[in-house]
Amino acid sequence: MGRRLNLSPVATPTLVEKAERAVELSRHRPPEAANLASDLCDQAIRAADVEAVSVAQRALGLAARELGDLTAAELHLRRSVLTATEAGLGQREGEARMTLASALSMSGRTDDALEQADLAAVVLAGADAARLQVQRALILQRLGRHDEALEGYRKALHAFGLLGLDADRARVWVNRSVLLAYRGDFSGAESDLRQAEGCYVELGLGVAAAEVRHNLGFVAALQGDVPAALSCYDAAADEFRRLGAARPAAVLDRCQALLAVGLADEALRLAQEAVGHLQTTGMEVDLAEARLVLAQAALSGGDYPRAQAESHLAREAFVAQGRAAWAALARHVALRAAWGGEQLGQGGWGEARATADELEQSGWMGAAADARLIAARFALAAGRVDEAESELMRTSLARRSGPVDLRSRAWHAEAMLRLGRNDRRGASAALRAGLRILDQHRATLGATELRASAAAQATDLASLGLGLALASGRPARVLAWAERWRAGLHRMPAARPPSDPGIATALEGLRLVVREVDEALLAGQSASSLVRRQAALEGSIRRRARHSAGRQVPGLSRPLDIGELAERLGERALVEVVEAQGTLHAVTVAGGRVRLWPLGPYAEVTTEVSQIRFSLSRLAHRRGSVASREAAATALTHGARRLDHLVLEPLAHELGDRPLVVVPTGALHGLPWAVLPSCRGCSVSVAPSAAQWLLAERRAPSGPPFRAVLVAGPGILHGQAEVAELAPFHPGATSLTGTSATVSAVGKALRQTDVAHLAAHGTFRADNPLFSCLHLSDGPLTVYDLEALPSVPQHVVLSACDAGVSSVAPGDELIGLAAVLLALGARTVVASVLPVPDEATSCLMVEFHRRLVTGTNTATALAQAQAAMVDSLGSDAAVVVTPFTCFGSG
């Protein structure tokens with residue numbers, strides 16, 4: 001016979017206990033907590049359980065706060081306070097007032113928040129008193145009273161340690177980490193966060209752990225590690241979404257990271273969305289910060305009126321909230337916007353100086369340095385040299401230590417100081433030192449997109465250096481400075497995606513959805529949901545790629561060896577075009593001579609390039625009537641002659657009939673150079689920079705017979721015939737056509753060949769050049785796919801529309817298929833900068849390969865093939881052949 005067990009009945013939780021459970025849930029699973037608390041509140045009212053009503057209302061307020069609805073949060077919390085007060089429940093009243101203080105602080109009503117905290121302190125003791133201490137410290141932190149806040153955190157940590165309350169200690173560590181990070185104690189901040197993370201993970205508190213992950217990104221961003229910051233932000237955002245926790249202000253930290261690398265458009269869009277959302281929540285503290293970030297993004301994008309308007313609104317809000325430090329930062333943005341928009345009047349010097357003083361007092365040293373540079377420029381313009389020197393000396397002291405932006409600005413100030421003393425050589429040295437700092441920082445960014453956009457940080461330093469070189473009239477110095485900022489991507493190790501299998505998975509998904517979009521459109525069906533899916537996949541790829549970390553590289557800023565350049569050019573001539581203050585200049589290197597030439601207004605060149613591109617595109621597609629096409633042909637001829645007159649004719653005597661290496665700038669990167677009369681029949685190589693051309697020349701070229709791969713993508717009318725015609729020129733070549741021309745198969749073939757010829761439809765994505773692609777049988781081969789390859793062929797021919805087009809960022813940083821192939825190590829890329837018809841393109845390619853396999857260099861083979869086409873088919877052939885350009889070393 002077995003033993004009988006004497007079981008005591010399990011106690012049923014009371015309504016108060018259930019409501020306390022909702023309070024615990026509110027921070028980590030707010031939607032679930034809100035539903036539970038609402039149901040419990042109804043039950044408590046029916047049961048006349050006043051204490052449970054007060055606790056349930058507090059849970060509803062906490063959940064509303066976590067979900068970003070401060071109006072609802074305040075309503076519920078005041079009900080909780082009132083219910084507890086009327087019932088004489090002092091402990092519950094204090095708890096509710098403590099939470100109400102938090103909500104009021106977040107809404108910007110700091111005086112009211114401190115009043116509620118004082119009332120709560122009368123009735124709270126023990127752990128709750130320590131929690132109130134944390135709440136008060138956070139309010140003081142937002143008010144900029146940092147020493148008081150740190151003392152409050154210290155006391156709370158001691159109390160929680162004695163009481164064994166690990167989750168509360170972790171909350172203090174998280175709050176304190178932000179304060180420490182702003183004060184530059186990054187190791188202390190990270191230590192606090194790692195302790196909090198371990199605690200939250202052990203306790204299974206997912207939302208809190210996600211907040212720690214986000215704050216780790218914030219600390220990384222303040223140290224200049226943008227890839228690590230974005231990786232943390234993305235991981236945290238994924239967790240917030242999964243757990244249903246709204247964190248609208250979290251996007252502001254992402255915006256700051258994006259602005260740090262020059263991605264102003266994306267930051268502007270995100271900041272606009274944040275402002276729009278926060279305006280509906282009552283979260284005035286976060287709204288003021290969002291307006292400030294929006295102003296910074298508008299400033300970075302050159303929208304000075306909007307930057308001024310938003311910074312004024314932000315400053316007004318910060319002043320009303322008693323947040324003097326943040327108000328100083330908003331004042332700085334307004335100053336920068338007024339300076340950029342040329343709106344600062346006679347009082348500009350005083351405003352800049354006062355702003356700098358206010359920023360220094362608030363601890364914003366980088367912004368203070370920038371404001372002092374503006375003050376110094378005003379003083380110099382007014383002839384107040386002593387006052388300018390005073391501002392510059394104060395700023396230049398920071399050039400040896402501190403964050404990247406502060407040190408680079410300090411070197412800028414040192415350069416201006418030396419220039420004011422007529423030490424031009426010393427000024428140039430200081431500018432180069434500032435650029436070295438920015439170069440090394442940019443090298444730590446592993447993603448092409450971030451590296452290219454971050455070049456904008458060097459605009460002021462590089463522009464001043466180039467201006468000094470032009471003023472000297474010394475051609476070699478101008479060339480050296482032009483190269484110092486140009487196409488920095490090619491000086492760095494090739495960008496590679498992070499070792500994240502999610503990128504490969506997303507790229508596969510992208511190829512599938514692009515095929516489905518095409519099929520739906522061909523079938524006359526709606527593709528809107530598929531397009532949204534495509535955008536989501538592209539966003540995922542883009543975010544993941546940004547996590548790639550680069551590395552600092554010795555000798556990254558090594559100056560161009562002009563002697564070696566002249567030697568390797570041999571009989572060729574280099575033409576490097578530079579723009580300064582709206583005027584174009586050219587530096588030529590020919591026959592061992594380096595010379596400088598004034599060319600004329602950049603605006604006129606831009607106009608002619610646009611007209612040429614428009615006319616060629618119209619003629620290639622045979623659009624319009626016969627009369628309109630004749631007008632386009634006339635416009636093309638006129639534009640080509642006019643542009644030739646502006647750019648190359650002034651150099652004609654120096655260049656003679658030499659083969660050309662052209663390094664363009666700005667809009668000239670999109671010019672089909674063969675259309676210019678001076679270039680017809682001439683061997684022309686177009687390079688991102690003289691340094692890139694020289695680097696490619698140093699690589700031992702492969703000669704015929706070449707290992708070759710020949711590819712024909714889908715939808716090319718004569719693609720397979722083109723491959724068949726080219727095959728005899730390359731015995732043993734790998735041919736991939738039809739369904740065999742997949743992204744995987746082509747990628748594998750590209751790693752093992754000298755020459756790659758890809759006949760496919762091409763797409764240039766102006767909205768995101770890294771998704772520019774060639775269309776293969778299973779979907780797009782994007783720039784991201786190319787960057788994943790361990791190596792690329794020495795010579796690549798892209799027999800496709802627009803495959804030679806690149807976006808042009810500050811510093812002539814280029815992103816596109818051809819540009820990235822060169823950055824990855826290709827010696828030459830032949831590609832078109834415009835749409836071209838299939839049939840005539842095939843004829844040109846046959847003529848080109850016929851010459852290439854005889855050992856003729858790429859640029860010459862292309863020029864001879866273009867000339868042969870024009871000779872056999874007449875002037876109409878020029879429309880087809882001139883868009884093709886040889887990029888690289890030739």
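Residues numbered from 1 in each chain as written. Predicted model: local features only at pLDDT ≥ 70, side-chain atom pairs only at ≥ 80, totals over all residues. Heavy atoms only, no water.

Student: Which residues make up the overall build of the protein, and what values do they have?
Tutor: Each helix and strand counted, the protein has 39 helices and 16 strands in total. On C-alpha atoms alone, the protein measures out to a radius of gyration of 32 Å, which is about the 29 Å that the 2.2 N^0.38 rule sets for 890 residues. With the C-alpha coordinates aligned to their principal axes, the bounding extent of the protein is approximately 100 × 90 × 55 Å. Here the protein holds 890 residues, and the buried ones make up 56% of them. For the protein, the share of sequence-separated contacts (at least 6 apart) that also reach a separation of at least 24 residues comes to 68%. Here the protein has roughly 36,500 Å² of accessible surface; of this, 52% comes from carbon and sulfur atoms. The positive charge centre, built from 92 side chains, and the negative charge centre, built from 96, are 4 Å apart in the protein. (Helix = DSSP H or I, 4+ residues; strand = E, 2+ residues; numbered from the N terminus. Rg over C-alpha atoms; globule rule 2.2 N^0.38 Å. Buried < 20%, exposed > 50% of the residue type's maximum accessible area, 1.4 Å probe, protein only. Contact = heavy atoms within 4.5 Å. Areas by Shrake-Rupley, 256 points an atom, 1.4 Å probe, with all protein chains shown as cover. Lys, Arg positive; Asp, Glu negative; His and termini not counted. Charge placed at Lys NZ, Arg CZ, Asp CG, Glu CD.)

Student: Talk me through the sheet that holds strand S4 (residues 660–663); I want residue IDs and the actual numbers.
Tutor: Here eleven strands make up an open sheet; going across it, the order is S3-S2-S1-S4-S5-S16-S15-S12-S8-S6-S7 and the pairing mixed. What marks the edges here is a single partner per strand, and that holds for strand S3 (593–601) and strand S7 (734–736). For this sheet the average axis-to-axis angle between neighbouring strands, irrespective of direction, equals 20 degrees. With eight bridges connecting them, strand S1 (residues 573–580) and strand S2 (residues 583–590) associate as antiparallel partners. (Pairing = 2+ DSSP bridges. Axes fitted to C-alpha atoms, helices over the stretch in contact; angles between N-to-C directions.)

Student: So what about the confidence of the model for the protein? Which residues, and what values?
Tutor: Scored by pLDDT, the protein has a mean of 91; 98% of the residues are at 70 or more. The model gives residues 1–11 a pLDDT under 50, and that stretch makes zero contacts with residues more than four places away or in other chains. (pLDDT = per-residue confidence, 0-100.)

Student: Explain the sheet that holds strand S9 (residues 762–763) to me, and be specific about the residues and the numbers.
Tutor: Ordered in space as S9-S10-S11, the three strands form an open sheet in which the pairing is antiparallel. Looking along the sheet, the strands with just one partner apiece sit at the ends: S9 and strand S11 (779–782). Along the sheet, helix H34 (residues 743–750) contacts strand S10 (773–776) and S11; its crossing angle with S11, the most-contacted strand, is approximately 30 degrees.

Student: Talk me through the pattern of salt bridges; I want residue IDs and the actual numbers.
Tutor: In the structure shown here, the tally under the stated rule is 70 salt bridges. Asp439 is the partner of Arg491 in a salt bridge, and the nearest nitrogen-oxygen pair spans 3.4 Å. Remark: Asp439 occurs in helix H22 (residues 424–443) and Arg491 occurs in the loop between helix H25 (475–485) and helix H26 (501–522); sequence separation between them is 52 residues. (Salt bridge = Lys/Arg side-chain N within 4 Å of Asp/Glu carboxyl O.)

Student: Can you lay out H26 for me, pointing to particular residues and giving the numbers?
Tutor: For H26, which comprises 22 residues, the first-to-last C-alpha distance of 32 Å matches the rise-based estimate of 32 Å (1.5 Å per residue) to within 8%. For H26, the set of buried residues is Gly502, Ile503, Ala506, Leu507, Leu510, Arg511, Val513, Val514, Val517 and Ala520. In this structure, the buried side of H26 is in contact with helix H27 (528–545), H34, S11 and helix H35 (783–787). Where H26 begins, one side-chain oxygen reaches toward the backbone nitrogen of Gly502, 2.8 Å away; that side chain belongs to Asp500. (Expected span 1.5 Å × (residues − 1). Polar contact = N/O pair within 3.5 Å; in protein donor to acceptor, adjacent residues only side chain to side chain.)

Student: So what's going on with helix H29 (residues 602–620)? Which residues, and what values?
Tutor: A rise of 1.5 Å per residue sets the reference length of H29, with its 19 residues, at 27 Å; its end C-alpha atoms lie 27 Å apart and thus fit the reference within 8%. Taken residue by residue, H29 has Val605, Glu608, Val609, Ile612, Ser615, Leu616, Ser617, Leu619 and Ala620 as its buried positions. Backbone geometry just after H29 places Arg622 at a positive phi near 50 degrees.

Student: If you had to explain the environment of Gly341 to someone new, which residues and values would you point to?
Tutor: One can find Gly341 in the loop between helix H17 (324–340) and helix H18 (348–362). Distance in space between the C-alpha atoms of Gly341 and Tyr304 is 5.7 Å, their sequence separation being 37 residues.

Student: Residue-level account of the packing of helix H21 (residues 404–420) against H22, with values.
Tutor: In a pair of packed helices, the angle between the axes and the distance between the axes together describe the arrangement. At their nearest, the axes of H21 and H22 sit 7 Å apart, and the two run at 170 degrees to each other. Relative to H22, H21 is oriented roughly antiparallel. Counted together, Val404, Arg407, Ser408, Trp411, His412, Glu414, Ala415, Arg418 and Leu419 of H21 and Arg424, Gly426, Ala427, Ala429, Ala430, Leu431, Ala433, Gly434, Ile437, Leu438 and His441 of H22 form the full contact between these two elements. For the contact of H21 with H22, the residue count by class is eleven nonpolar, five polar and four charged. (Parallel < 35°, antiparallel > 145°, perpendicular 65-115°, else oblique. Nonpolar A, V, L, I, M, F, W, Y, C, P; charged D, E, K, R; others polar.)

Student: Tell me about the environment of Asn175, and please be specific about residues and values.
Tutor: Its location among the elements puts Asn175 in helix H9 (residues 166–182). Residue Asn175 is classed as buried on the basis of its relative accessible area, which comes to 14%. With residues near it in sequence (within four places) discarded, Asn175 still touches Val134, Leu138, Gln141 and Tyr153.

Student: Tell me what's going on with the side chain of Thr355, and back it up with residues and numbers.
Tutor: In this structure, Thr355 sits in helix H18. On the basis of relative accessibility, which here comes to 0%, the residue Thr355 falls in the buried class. Excluding its chain neighbours within four sequence positions, the residues that come into contact with Thr355 are Arg331, His332, Leu335 and Ala371.

Student: Lay out the pairing of strand S15 (residues 828–832) in plain terms, naming residues and giving numbers.
Tutor: Of all the five residues making up S15, five are buried; the element is thus mostly covered by neighbouring parts of the structure. By the alternation rule, side chains of S15 split into Thr828, Val830 and Ser832 and Val829 and Ala831, which are all buried. Strand direction decides the pairing type here: strand S12 (residues 795–799) and S15, joined by four bridges, are parallel. Within S15, the position partnered with Val796 by the bridge is Val829. Bridging between S15 and strand S16 (residues 884–888) involves five bridges; their strand directions are antiparallel. Among the inter-strand pairings, Ser832 is bridged to a residue of S16, identified as Phe884.

Student: Go over the nonpolar core, please, and point to the residues and values.
Tutor: Grouped together as the largest cluster of nonpolar side chains are 89 residues, with contacts concentrated most on Leu671, Trp673, Leu676, Leu758, Leu774, Leu798 and Val829. It is H26 that provides the largest number of residues to this core, a total of eight residues. Sequence-distant contacts of Val829, that is, excluding residues within four places in its chain, are made with Val796, Leu798, Ala818, Leu821, Leu822, Thr885, Cys886 and Phe887. (Core = buried A, V, L, I, M, F, W, Y, C linked by side-chain atoms within 4.5 Å.)

Student: Tell me about the packing of aromatic side chains, and please be specific about residues and values.
Tutor: Counting across every chain of the model gives seven aromatic pairs. Taken together, a centroid distance of 5.8 Å and an interplanar angle of 85 degrees make the contact between Tyr182 and Trp364 edge-to-face. In this pair, Tyr182 sits in helix H9 while Trp364 sits in the loop between H18 and helix H19 (365–381), placing the two residues 182 residues apart along the sequence. Residue classification places Tyr182 among the partly exposed positions, given a relative accessible area of 33%. Every member of this aromatic cluster is reached through a ring pair, and the members are Tyr182, Phe218, Phe318, Trp326 and Trp364. Directly above the aromatic system of Phe240 lies the positively charged group of Arg247, at a separation of 5.4 Å from the ring centroid. Lying across the ring of Trp349, Arg384 places its NZ or CZ 4.2 Å from the centre. (Phe/Tyr/Trp six-rings, centres within 6.5 Å; stacked < 30°, edge-to-face > 60°. Lys NZ or Arg CZ within 6 Å of the ring centre and 35° of its normal.)

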